[in-house]
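The residues making up each chain are set out below.
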Protein chains: 4
Amino acid sequence: MSKLAYLGPEGTFSEEALRALAPEAERLPCPNIGAALEAARRGEADGAVVPLENSLEGGITTTLDELAGGEPLLIAAELLLPVRFSLLARPGTELGHIKRVITHNAAHTQCRGFLARELPDAVVIAAASTAGAAQEVSLPGSPYDAAIAAAIAGEHYGLHEVAGGIGDRDDTVTRFVLVRRPGPLPEPTGADRTSLVVFLADDHPGALLEMLTEFAVRGVNLTRIESRPTGNGIGQYFFHFDFEGHVADARVGEAISGLHRVCTDVRFLGSYPRADGVAPQIRRGTADAEFAEAARWLAKVRSGDV
Amino acid sequence: MSKLAYLGPEGTFSEEALRALAPEAERLPCPNIGAALEAARRGEADGAVVPLENSLEGGITTTLDELAGGEPLLIAAELLLPVRFSLLARPGTELGHIKRVITHNAAHTQCRGFLARELPDAVVIAAASTAGAAQEVSLPGSPYDAAIAAAIAGEHYGLHEVAGGIGDRDDTVTRFVLVRRPGPLPEPTGADRTSLVVFLADDHPGALLEMLTEFAVRGVNLTRIESRPTGNGIGQYFFHFDFEGHVADARVGEAISGLHRVCTDVRFLGSYPRADGVAPQIRRGTADAEFAEAARWLAKVRSGDV
Amino acid sequence: MSKLAYLGPEGTFSEEALRALAPEAERLPCPNIGAALEAARRGEADGAVVPLENSLEGGITTTLDELAGGEPLLIAAELLLPVRFSLLARPGTELGHIKRVITHNAAHTQCRGFLARELPDAVVIAAASTAGAAQEVSLPGSPYDAAIAAAIAGEHYGLHEVAGGIGDRDDTVTRFVLVRRPGPLPEPTGADRTSLVVFLADDHPGALLEMLTEFAVRGVNLTRIESRPTGNGIGQYFFHFDFEGHVADARVGEAISGLHRVCTDVRFLGSYPRADGVAPQIRRGTADAEFAEAARWLAKVRSGDV
Amino acid sequence: MSKLAYLGPEGTFSEEALRALAPEAERLPCPNIGAALEAARRGEADGAVVPLENSLEGGITTTLDELAGGEPLLIAAELLLPVRFSLLARPGTELGHIKRVITHNAAHTQCRGFLARELPDAVVIAAASTAGAAQEVSLPGSPYDAAIAAAIAGEHYGLHEVAGGIGDRDDTVTRFVLVRRPGPLPEPTGADRTSLVVFLADDHPGALLEMLTEFAVRGVNLTRIESRPTGNGIGQYFFHFDFEGHVADARVGEAISGLHRVCTDVRFLGSYPRADGVAPQIRRGTADAEFAEAARWLAKVRSGDV
């Protein structure tokens, strides 16, 4: 895979994620997440690296909604990227001089403690991305004194790190995924995750319980559930699920086939190695060997050979 | 099928059931249910007709336990036989003369109202079967004045029907099954029943709930559940299940495969046409065509073609 | 409690159970289980001791059905009685002389191995109870050579124990219960059992699953479930449940109230100490203290004090 | 209620919602949602009107997270506000002259079709709120030609509506809630909604299924479920639930008491009339009268009066 789209400009956390996931790849910065995914869909890139969720902010709704519609894309890999914010300024700027700070809203939220403590009188202006904020600060005659962004953005735009690790929490993580056009899936590794979007057949009470039962009865453990509006009015939702295992696993295959049968639409988003390498605990009766044995038994029963 | 074992002697309800199920078959009367099933197992007969449950008395535990153990036998057909009792005596005997009545305990129970009303002073003696009671009455010098049995027993043993339809309820029904050694199953008819015996992996709280969920999640409706002791102490049970559908149905196959995976042992007892001809209501997403469609979808998903 | 009815005649296992449960009580033998229960209902006795289930034979259907209908009776105590069979004969009779054996069908079934091995040529005749069989053998001019019964029956009827412990299994147990007319319940002991009969509102698929969920969601563990026919045709059942805990326990009270709301009829059969003294594992969130705390919280929430 | 905080500046959809919910109230505009809720918490206002979810964008995460933490606030009323966007400019500006548009990101997303069709070459700049965007355009020497905002914002800031109803969908709705400090709840109306936040005791597989079962077994229908990160790492979530009924309803009270028992923490967010006036379908056995009857029955059972 040689060329990957991502949320630019250079210096975003997305770029950092892309470099970690595919160090050799050529990078195609895009103005927003939708554009990055479109580049992958149209073949302008061989894939895209986009954020899926953040441990503090939750699901990245643009990504969730873009993956649920449009031409299908499959997740091929994931990455957990620690989020570390720096206060970046033009060389020579000191902390005491900073009056106008520019950054993305999410970064603003996550650095509130630092700002209240160190820059109580500064005005904070919103930018479209943290890297874009750094770029703004780097422009000659910029009205902004400093940006909050990834350290990598400082390197890109020739800024100086006035302060580092300024987030209120030092354990914030963003989960990025590498998506590409449909094609052969990554091989099962024994520590995989599968992602799915499910549209209900109808929104009767208990529909969600039924879906969860399809997973539970086959011993498939959910790791994330997210409801998203269908757009057709308050109270109409579809669901994003992440769960343990690979679609090649028998229990996963049977569970999602069950969903496919009882739901209006199920969109498969991929099976891929877990970034944390955690292998699932497989409940008795749900391992591949047990499914295979049950299939042999059923074949005998159906032939009357009991 | 030319020769069938049944609970004798001639004149039992079992014989009546056998004649209805297989009018042409040669009949082999046996002293008890176990002997009839053994005759089928050993090949002395081509099958056996035995009672499985009665609408008033419940499950016939001898049959349930015999089918759960020993060499496997498969149910090939079922019959719902109305149970109609007659008071039978030697020709010339009048109601007023009857002092000693012989019958099977179950018949005694079901004719209590008649006995209290018409023969309040009669003594009732227990026999091994209703037909055996009739036979006793027919013997020269019999100490018994009358038998309660099926009318057919009167014909066999030359008795006169003093009173007919003497059961307290006139809608009592016994369900008989024709079993035979394993071999090709009856074809699905669209109105079938399947029978199963399940031994739990362990008797943890919730084990039964889990088993029922395996059925429910595939839309398979139970028609009978019966717990039976394993013999290993109070609180240790195994379960008999009857449910709608044929093992050739995809939803039934997947449900019993699920049981096979999570239980210690599942014994298949057969798929056969329902005597009442009632077709199941098939829940959305559980028809064979929907299973087939889901399998095609899964195959595509696994190949990465989404 | 001074006078208790039981299944007579003297020398039955029921008498043995009664003596163990209430050594001081006066004993009223009755011809059958129904009569013993009626004696308790009418006040001819202060209660009755009846068998409820046997580890080999399963539920005693007469008892189950009698307790489900008629005037209510409550279980006040239970006993697990080991079942030990003896071959009893008139003094002087030797094993080699025994040609005709009389016993109850259940005893016959449980001693099959001994009979086949030691008395292969003997004829076995059915009696209404094992003690009745012993009584028959004791009569002058009896046509029977020996009875299979409890050793206690031999003592009553002056018989000699030709052989003891002749059952095929030596761990068979019958569970007896002491029932009485409604009145104050036994105090909770921490190791109690509760019994219930439930009639479904309608026999829709999933009705049993719903009932089990009412128990499971409150962490109440079932120890026995038994389906019994309503008498209204094959496929119409009601259910006997035994489960851990006392109706005074919050989790049990809420669970059976839930059943009461969703079922046509729930008949409470009593809360009483478990004979085996096993205390339940109480799942997190289902102890009385947790119910009380939740009730306090709910009261505050309802008053708007959050 | 005389003074209510809301997301300002004047002219926001929040102001429109506040006017509809409480036409007489004094209005206190706040710079962001958190500030509006803080004003209510501290008593600077008698309550606050904030957006909870949007039919296109989904949950308003700031509101969800602010209500889940900090001093408790209770929802007292809700409103469904149709979202209608206008293109607003200084008087005299024509469509053909518009090169730089300022608006909130969500509005940008929702008007993409219009922008692509009518203003394909315009640059779109992000603002903190749609009303703030309108305010920007109204400033003398503004670098922006037009704002996308509510028509009400145009009135406030003296702008002209160049085009109205420019959203891609004309049925978009935002659900607003009026929250206030804890105190007596609104009376049940028969068509109420209750909101709750639940923190799991631990994040074991099946925890969500268990929570849903607490609702389902009491016949309480969910209308919204939203997972939010706890902040403690990917895979750690808490849940927002909306469901039918009032906490004064017996079935709702028992369901949330059940959650309180099995979860680490349950935060009640209020019971209030549904804006759409839809009354719940009450499943058999879950009406208040049935709970009351079951409680009477249980009291009798516990006293031994059966």
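In this text the structure is predicted, and so the values were computed from the model without any measurement.

Rules of the game
- Residues numbered from 1 in each chain as written.
- Chains lettered and ligands numbered in written order.
- Predicted model: local features only at pLDDT ≥ 70, side-chain atom pairs only at ≥ 80, totals over all residues.
- Heavy atoms only, no water.
- Contact = heavy atoms within 4.5 Å.
- Buried area = accessible area lost by both parts, 1.4 Å probe.
- Salt bridge = Lys/Arg side-chain N within 4 Å of Asp/Glu carboxyl O.
- Polar contact = N/O pair within 3.5 Å; in protein donor to acceptor, adjacent residues only side chain to side chain.
- Helix = DSSP H or I, 4+ residues; strand = E, 2+ residues; numbered from the N terminus.
- Domains from an automatic or database assignment.
- Pairing = 2+ DSSP bridges.
- Axes fitted to C-alpha atoms, helices over the stretch in contact; angles between N-to-C directions.
- Buried < 20%, exposed > 50% of the residue type's maximum accessible area, 1.4 Å probe, protein only.
- Nonpolar A, V, L, I, M, F, W, Y, C, P; charged D, E, K, R; others polar.

**Q** Provide a residue-level description of the interface of chain B and chain C, including the pertinent values.
**A** Taken together, the contact between chain B and chain C spans 34 residues of the former and 33 residues of the latter. Together, S55, L209 and I234 of chain B form the three largest contributors to the area buried by chain B at its contact with chain C, with a combined 22%. Taken together, chain B and chain C are joined by 0 salt bridges. Taken together, the links from chain B to chain C amount to 12 residue pairs in polar contact (both at pLDDT 80 or more). Per-element tally for the side of chain B that touches chain C: the top contributor is strand β13 (residues 222-229) of chain B, with 7 residues.

**Q** Provide a residue-level description of the domain arrangement of chain A, including the pertinent values.
**A** Residues and elements named next belong to chain A. Examined at the domain level, chain A breaks down into domain 1 (1-82 + 173-183), domain 2 (86-164) and domain 3 (185-306). Between domain 1 and domain 3, the C-alpha centre-to-centre distance is 24 Å. Facing 23 residues of domain 1, the contacting portion of domain 3 comprises 22 residues. Buried area between domain 1 and domain 3, both sides added, is near 1,700 Å², and the carbon and sulfur share of it is 53%. Across the contact surface, domain 1 and domain 3 share 4 salt bridges.

**Q** Lay out the sheet that holds strand β6 (residues 86-89) of chain C with the relevant residues and their values.
**A** All names here are of chain C. Pairing within the open sheet is mixed, and its 5 strands lie in the order β8-β7-β9-β6-β10. In this open sheet, the two strands that pair with only one neighbour each are β8 (123-126) and β10 (160-164). The average angle at which neighbouring strand axes cross in this sheet is 30°, direction not considered. Two elements, strand β7 (residues 100-103) and strand β9 (residues 146-149), share 2 bridges in a ladder whose sense is parallel.

**Q** Tell me about the pattern of salt bridges, and please be specific about residues and values.
**A** All chains considered together, the criterion is met by 100 salt bridges over all chains. Among the salt bridges present, the one from E118 of chain A reaches R117 of chain A, with a minimum N-O distance of 3.8 Å. As a salt-bridge pair, E254 of chain C and R261 of chain D come within 3.8 Å of each other at their nearest N and O atoms. In this pair, E254 of chain C is assigned in helix α9 (residues 250-262) and R261 of chain D in helix α9 (residues 250-262), connecting two distinct chains. Across the pair, R261 of chain D and E254 of chain C agree in class, each one buried.

**Q** Help me get a handle on the interface of chain A and chain B, residues and values and all.
**A** Counting residues at the interface gives 39 residues for chain A, matched by 39 residues for chain B. When chain A packs against chain B, close to 3,300 Å² is buried across both sides, 61% of that on carbon and sulfur atoms. One can count 4 salt bridges joining chain A with chain B. With a closest N to O distance of 2.5 Å, E254 of chain A and R218 of chain B form a salt bridge. On inspection of chain A and its partner chain B, the count reaches 12 residue pairs in polar contact (both at pLDDT 80 or more). Elements that contribute at least two residues to the side of chain A that touches chain B include exactly α8 (207-216), α9 (250-262), β15 (265-273) and α10 (288-302) of chain A. Here the side of chain A that touches chain B is composed, by residue class, of 20 nonpolar, 9 polar and 10 charged.

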